[in-house]
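Listed below are the residues making up each chain.
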Amino acid sequence: MRFSILFALCVATVARAISTIEAVGNKFFSEDGNQFFIKGVAYQLIPDDPLIDTDQCMRDAALMEKLGVNTIRVYHVDPDANHDGCMDVFAKAGIYAMIDMDTFKTYILPFDPYWVQSQFDAYSKVIDAFHSYDNLLGLFVGNEIIAINNQSHAAPFIKSACRDLKAYRNAKGYRKIPVGYSATDIAELRPFLQDYLTCGGNASENIDFYGINSYQWCDPSTYMTSGYANLQEEAKDFPVPIFFSETGCNVPGPRLFDDQASIFGPEMTKYWSGSIIYEWIEEMNHYGIISYGPKVDPTVTGENIFDGFTRAGTPTPVSPDFDNLSRQWAMVTPTGVAKSDYDPKGVSTRDCPASTAGGWLVNGNVAVPTLGASLGTSTLATASSVVEMATSSTETSTSSETSATPTPSETDNAVSGAQEVAGMAAGLVGVMMMFTFWF
């Protein structure tokens, strides 16, 4: 214990020897000009903040490094806590962090969206807390805010958050840390949402990257039958990096992770920037690839025990999922393109999609709400008024691309919206389900 604490104090004083990552066009690049592909895991051991226990981070980082992880996604952090130890430990292991900025109380509501000062203050505190870490890869302004089609009127508020937080980042003189969004995989809203969040020609309002939480590929499956071919068509020449911010269907199980060969192979690497596997820790939803001990009775309480699972200690691989993922990642080594050979002008500029009957509700390039606005006070007064905002615009969705040949199938997401989570994680990734109490 003393050795690990002393080691943590030492690494906290050492200059971080890891390259920063930037978003250029639809690629991520490291400082040396190499394209960066995400091989990530969702990492939320405890509800409040898994990045404050340096000893635990050391244990986990060591196994992640062996697995081939280069990125973790953390859904909730405490901006007032000290993260130096964990962030340095992960940096030493070559692991970046993607952090969600919202909290249990400040996320953008799907049916009654608003963007107010208290939300901005909470999100900006996360930027302040993490901006100095070179291994901060990106920040999410939201996760699965829009889970069904009649919630799409919340999309302009996602842009509001992105605009204000990027302006804050720039005003503070921080590096251009990418700010983006993580979306539910909803066939009837693709590609409207991803196009809308990158349309209008105003980079200050648009997302810097787009993540999609997709559980379409349930082993055994293929690139064509899973629906990935459709995702690929809609990602062609996308203007910002796009990647799987969650993936890893566990139905029927065990997970083979065969989709990784497509994501990191020639079928998809031209437009996709990798994937984040859901999730690191085994809990009630059975998505974990490691555990910290056998399951206990859910009524048992104690230090590092929550919802029937121990959440600290020595990480032990869950068989066969851990080994299956390890084998898949060991076989894929995407090279991508060098920054010096890449022309970001080759990406497409998305038109703002027009509203559709019973589907996408935002009509064209509507004014992005100002700080302090809500659905009732902004120009987006009601869902019906959004549909009626035809103005003189004749913009249509740019989803005019034909599907792959032969025609791929569209597999329903194995989980709907944020339903992939259970137990403790329901308060993290699945926090959006709380909207039912507001409707």
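Anything mentioned here points back to the structure above.
Please read these numbers as outputs of a predicted model, since none were measured by experiment.

1. Quick notes on the state of the cysteines
- Taken as a whole and assessed by the stated rule, the structure comprises three disulfides.
- For Cys199, the disulfide goes to Cys352, at an S-S distance of 2.0 Å. Taking the sign of the S-S torsion, about 95° here, the bridge from Cys199 to Cys352 comes out right-handed. You can see Cys199 sitting in the loop between helix H6 (192-196) and strand S9 (209-213) and its partner Cys352 sitting in the loop between helix H10 (321-331) and strand S16 (373-374), a full 153 residues away along the chain.
- Residue classification places Cys199 among the buried residues on the basis of a relative accessible area of 1%.
- With a relative accessible area of 1%, Cys352 lands in the buried category.
- Across the disulfide from Cys218 sits Cys249; the S-S distance is 2.1 Å. Its torsion about the S-S bond being 95°, the disulfide of Cys218 and Cys249 is classed as right-handed. Of this pair, Cys218 sits in the loop between S9 and helix H7 (223-226) while Cys249 is found in the loop between strand S10 (242-247) and helix H9 (259-263), placing the two residues 31 residues apart along the sequence. Across the pair, exposure class does not vary: Cys218 and Cys249 are buried alike.
- Each bonded cysteine in the chain gets a number by its place in the sequence, and the pairs come out as 1-2, 3-6, 4-5.

2. Side note on helix H8 (residues 228-235)
- Burial analysis of H8 places eight of its eight residues in the buried class, which makes it a mostly covered element.
- Considered for burial, the residues of H8 that qualify are Tyr228, Ala229, Asn230, Leu231, Gln232, Glu233, Glu234 and Ala235.
- As for H8, its buried residues are in contact with H6, S9, H7, S10, H9 and strand S11 (272-277).
- Where H8 ends, the next residue or the one after it, Asp237, has phi of about 55°, a positive value.

3. Some details on the pairing of strand S2 (residues 27-30)
- Residues Lys27 and Phe29 of S2 are buried on one face, and the alternating residues Phe28 and Ser30, pointing to the opposite face, are buried as well.
- As paired strands, strand S1 (residues 21-24) and S2 are joined by four bridges and run antiparallel to one another. Its bridge partner lying in S2, Ile21 is registered against Ser30.
- The antiparallel hairpin formed by S1 and S2 contains two residues in its connecting segment, where Gly25 sits at a positive phi of about 60°.

4. A short note on the environment of Gly293
- Mapped onto the elements, Gly293 comes out in the loop between strand S12 (290-291) and strand S13 (305-306).
- Residue Gly293 is classed as partly exposed on the basis of its relative accessible area, which comes to 26%.
- Gly293 sits 18 residues away from Arg311 along the chain, and the two C-alpha atoms are 8.5 Å apart.

5. Overview of the pattern of salt bridges
- The full count for this structure, using the stated rule, is 13 salt bridges.
- The partner of Lys339 in a salt bridge is Glu22, with the nearest N and O atoms 2.4 Å apart. Here Lys339 is found in the loop between H10 and S16, whereas its partner Glu22 is found in strand S1, with 317 residues between them in sequence.
- On the accessibility criterion, Lys339 (34% relative accessible area) is partly exposed.
- One salt bridge in this structure joins Arg73 and Glu246, with 4.0 Å as the shortest N-O distance.

6. So, helix H2 (residues 54-67)
- Over its 14 residues, H2 runs 20 Å from end to end, which matches the ideal 20 Å to within 8%, given 1.5 Å per residue.
- Among all positions of H2, only Thr54, Asp55, Gln56, Cys57, Asp60, Ala61, Leu63, Met64 and Leu67 are buried.
- Near the N-terminus of H2, the side chain that reaches the backbone nitrogen of Asp55, with its oxygen 3.3 Å away, is that of Asp53.
- Where H2 terminates, the next one or two residues include Gly68, which has phi positive at roughly 105°.

Definitions and cut-offs
- Residues numbered from 1 in each chain as written.
- Predicted model: local features only at pLDDT ≥ 70, side-chain atom pairs only at ≥ 80, totals over all residues.
- Heavy atoms only, no water.
- Disulfide = S-S within 2.5 Å.
- Helix = DSSP H or I, 4+ residues; strand = E, 2+ residues; numbered from the N terminus.
- Buried < 20%, exposed > 50% of the residue type's maximum accessible area, 1.4 Å probe, protein only.
- Contact = heavy atoms within 4.5 Å.
- Pairing = 2+ DSSP bridges.
- Salt bridge = Lys/Arg side-chain N within 4 Å of Asp/Glu carboxyl O.
- Expected span 1.5 Å × (residues − 1).
- Polar contact = N/O pair within 3.5 Å; in protein donor to acceptor, adjacent residues only side chain to side chain.

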